[in-house]
There are 2 protein chains.
Amino acid sequence: MAATASERKRQAIASAALALFARDGYERTTVDAIAAEARVSKRTVYSHYGDKEQLFMLVVRDTYELMRERFAEAVDSTLRDVDDVEKSLVSCLREVVRAVTQTPERARLVRLIIAELPRFPALLDLWHGRGLTPLLAAPIARLAAAGLLTADDPTQAAGHLSALTIGQINNRTMMGTVPLTDAEADRIITTGVRVFLCAYGPGR
Amino acid sequence: MAATASERKRQAIASAALALFARDGYERTTVDAIAAEARVSKRTVYSHYGDKEQLFMLVVRDTYELMRERFAEAVDSTLRDVDDVEKSLVSCLREVVRAVTQTPERARLVRLIIAELPRFPALLDLWHGRGLTPLLAAPIARLAAAGLLTADDPTQAAGHLSALTIGQINNRTMMGTVPLTDAEADRIITTGVRVFLCAYGPGR
């Protein structure tokens, strides 16, 4: 029973911290406000998470982990059995965009990380090797082995696919700040995939 | 004489504001600190620039203007007389990267804009239609008319070229936070241009 109550408090603190950091930024968010939002005492926050910096790192880590899982599901569900490679890549990127737009806190947190990175070099370890590119490299290698793509360097190909689609969407939306219509997102994805296939299509 | 002193103060305030906003972010920077850094009174800051928000907007606008000029010079000097289109595009992107790395405040300011955008919607007007893509559209249209590229939609082509090169560099360096070796930047530019030319090369 005690462990459950403690776990509940822990969850409440983490979700209050995510909401406040995402809304107000790192500097503007106080441990007092997080405690009030989570309906716990300030001492409880400190006993669970140490200081504000540790709490921030934890919230960032959790958010990244959640996004990585969603991206992995999107990639897995669309690129497992591929017949029409163009269609499958378009579906994959659509699912990735859906995962991003379904978690608006993620966009805010990414912006926060970009802003706070010089002050928290440890965030770099979270950033490196994460994101969409490493998740796309293995299916691209598999599709190349099956003769559906031509890619000597699957990681580089994954970087190009990601830049041409999600990269362009991030740029257009200012990292999720500006809304994008589904039609516009679709146009970016389909033309980006077409450029990708000009370079990495079968028989290149 | 009075006008000159006033202009000198104005310049000192603007460069102090750029340095402090870039280093400490919007929230952490106070008008007091800007006044101290510029060696003027707080009242002088207010009389020249109104409040902190207006000062911030002005610094952002100036920085964007400077970057736009440098990008335009890079594009103009490399894409005016083109013989080998691949070589010229690679030179162009190298010059753009040089312009970015020579003004580190710009990287910090871009990160700041990304973080502060939800609180300053007016920054959006600055962002939209700026950057590299609109500057590349006209030369790409000219190269297509000369038969050196194939591009029905030069703006879209410019977006793809930008995403494949500068977009990838921004992603890799976390918007200029993480240093990148010249060799690494060069690899990203040359492979990005190669992918671009698979889709937009002559005779496509």
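Please read all numbers here as calculations on a predicted model, not as lab measurements. (Residues numbered from 1 in each chain as written. Chains lettered and ligands numbered in written order. Predicted model: local features only at pLDDT ≥ 70, side-chain atom pairs only at ≥ 80, totals over all residues. Heavy atoms only, no water.)

Q: I'm lost on the overall build of chain A in this one. Help?
A: For chain A, the helix and strand inventory stands at ten helices and zero strands. In chain A, the order of α-helices and β-strands from amino to carboxyl end is α-α-α-α-α-α-α-α-α-α. Each principal axis of the C-alpha distribution contributes one length, and for chain A these read about 65 × 35 × 30 Å. Per-residue burial over chain A gives 49% buried out of 204 residues. Contacts spanning at least 24 positions in sequence make up 69% of the contacts within chain A whose residues lie at least 6 apart. (Helix = DSSP H or I, 4+ residues; strand = E, 2+ residues; numbered from the N terminus. Buried < 20%, exposed > 50% of the residue type's maximum accessible area, 1.4 Å probe, protein only. Contact = heavy atoms within 4.5 Å.)

Q: Would you mind showing me how to read the layout of surface pockets here?
A: Empty pockets left among the atoms are what a rolling probe the size of a water molecule brings to light. Residue and element names in this part refer to chain A. Roughly 600 Å³ of internal volume is contained in the second largest pocket. Lining the second largest pocket are 25 residues; nearest its centre among them are Val97, Arg98, Val100, Thr101 and Leu180. Listing elements by their share of the lining of the second largest pocket, those giving two or more residues are α5 (85-101), α6 (104-116), α9 (154-172) and α10 (182-200). The leading source of residues in the lining of the second largest pocket is α6, at six residues. Class assignment for the residues of the lining of the second largest pocket results in 13 nonpolar, five polar and seven charged. (1 Å grid on protein atoms, 1.4 Å probe; cavity = no way out; pocket = protein on both sides within 12 Å on 5 of 7 lines; lining within 4 Å. Points joined across faces, edges and corners; volume = space filled by probe spheres on them. Nonpolar A, V, L, I, M, F, W, Y, C, P; charged D, E, K, R; others polar.)

Q: Is there a simple way to explain the packing of helix α9 (residues 154-172) of chain B against helix α10 (residues 182-200) of chain B in this structure?
A: When two helices pack together, their arrangement is given by the angle between their axes and by how far apart the axes lie. All names here are of chain B. The contact between α9 and α10 brings their axes to 9 Å, and the two run at 160°. As summarised for this structure, α9 and α10 are arranged roughly antiparallel, according to the angle between their axes. For α9 against α10, the interelement crossing comes out right-handed. Contacts from Gln156, Ala157, His160, Leu161, Leu164, Thr165, Gln168, Ile169 and Arg172 in α9 reach Glu184, Ala185, Arg187, Ile188, Ile189, Gly192, Val193, Val195, Phe196 and Tyr200 in α10. Its residues placed into classes, the contact of α9 with α10 shows eleven nonpolar, five polar and three charged. (Axes fitted to C-alpha atoms, helices over the stretch in contact; angles between N-to-C directions. Parallel < 35°, antiparallel > 145°, perpendicular 65-115°, else oblique. Left-handed = near helix turned anticlockwise from the far one by under 90°.)

Q: Looking at this model, I keep getting lost on the pattern of salt bridges. Mind explaining?
A: Close approach of charged atoms lets side chains of opposite charge pair. All names here are of chain A. On inspection of all chains with the given rule, the structure shows 20 salt bridges over all chains. For Arg94, the salt bridge identified is with Asp186, shortest N-O distance 2.7 Å. Of this pair, Arg94 sits in helix α5 while Asp186 sits in helix α10; the two residues are 92 residues apart in sequence, bridging distant segments of the chain. Note that Glu95 and Arg98 form a salt bridge whose closest N and O atoms lie 3.1 Å from each other. With Glu95 and Arg98 both in helix α5 and three residues apart, this pair spans about one turn of that helix. (Salt bridge = Lys/Arg side-chain N within 4 Å of Asp/Glu carboxyl O.)

Q: What am I meant to see in the confidence of the model for chain A here?
A: Low-pLDDT portions of the prediction should not be read for the details of their coordinates. Residues and elements named next belong to chain A. Put simply, chain A has an average pLDDT of 88, and 97% of its residues get 70 or more. When mean pLDDT is compared element by element in chain A, α10 scores highest at 97, while helix α7 (residues 123-127) scores lowest at 73. With a pTM of 0.87, the predicted complex shows an ipTM of 0.85. (pLDDT = per-residue confidence, 0-100.)

Q: Looking at this model, I keep getting lost on the interface of chain B and chain A. Mind explaining?
A: In many reports, interface size means the accessible area that the parts give up when they come together. Facing the 36 residues of chain B at the interface are 36 residues of chain A. Across the chain B/chain A interface, buried area totals approximately 3100 Å², and carbon plus sulfur atoms make up 66% of it. Our count for the chain B to chain A interface comes out at two salt bridges. Of the charged contacts, one joins A:Glu27 and B:Arg28 as a salt bridge, the two residues approaching to 2.7 Å between their closest N and O atoms. Summed over the shared surface of chain B and chain A, the number is six residue pairs in polar contact (both at pLDDT 80 or more). (Buried area = accessible area lost by both parts, 1.4 Å probe. Polar contact = N/O pair within 3.5 Å; in protein donor to acceptor, adjacent residues only side chain to side chain.)

Q: Can you walk me through the relation of the copies chain B and chain A in this structure?
A: To go from the first copy of the chain to the second, apply a rotation about an axis and then a shift along the same axis. Once chain B has been moved 0.0 Å along the axis and rotated by 180°, it coincides with chain A to within an RMSD of 0.0 Å. Taken together, the rotation and translation describe the operation of a two-fold axis. When you check the interface residues of chain B against chain A, 100% turn up at the interface there too, and the contact is symmetric in its surfaces. (Least-squares fit on C-alpha atoms with pLDDT ≥ 70 in both.)

Q: Just checking my understanding: could you explain the nonpolar core for this structure?
A: Note that soluble globular proteins tend to have their nonpolar side chains buried in a common cluster. In terms of nonpolar packing, the biggest core is built from 75 residues, with A:Leu136, A:Ile140, A:Phe196, B:Leu136, B:Ile140 and B:Phe196 touching the most fellow members. When neighbours within four sequence positions are excluded, B:Leu136 is seen to be in contact with B:Val75, B:Leu79, B:Cys92, B:Ala158 and B:Leu161. In this structure, A:Leu112, A:Ile114, A:Val178 and B:Ala38 belong to the second largest nonpolar core, which totals 65 residues. (Core = buried A, V, L, I, M, F, W, Y, C linked by side-chain atoms within 4.5 Å.)

Q: How do you make sense of the state of the cysteines when you look at a structure like this?
A: In a disulfide, the sulfur atoms of two cysteines are held together by a covalent bond. Considering all chains together, one arrives at zero disulfides over all chains under this definition. Cysteine B:Cys92 remains unbridged, with the sulfur of B:Cys198 as its closest cysteine sulfur at 19 Å. For B:Cys92, a relative accessible area of 0% corresponds to the buried category. Cysteine B:Cys198 remains unbridged, with the sulfur of A:Cys198 as its closest cysteine sulfur at 7.5 Å. (Disulfide = S-S within 2.5 Å.)

Q: Would you mind going over the environment of B:Val100 with me for this structure?
A: With respect to the secondary-structure elements, B:Val100 resides in helix α5 (residues 85-101). Between the C-alpha atom of B:Val100 and that of B:Asp81, which follows or precedes it by 19 residues, the distance is 23 Å.

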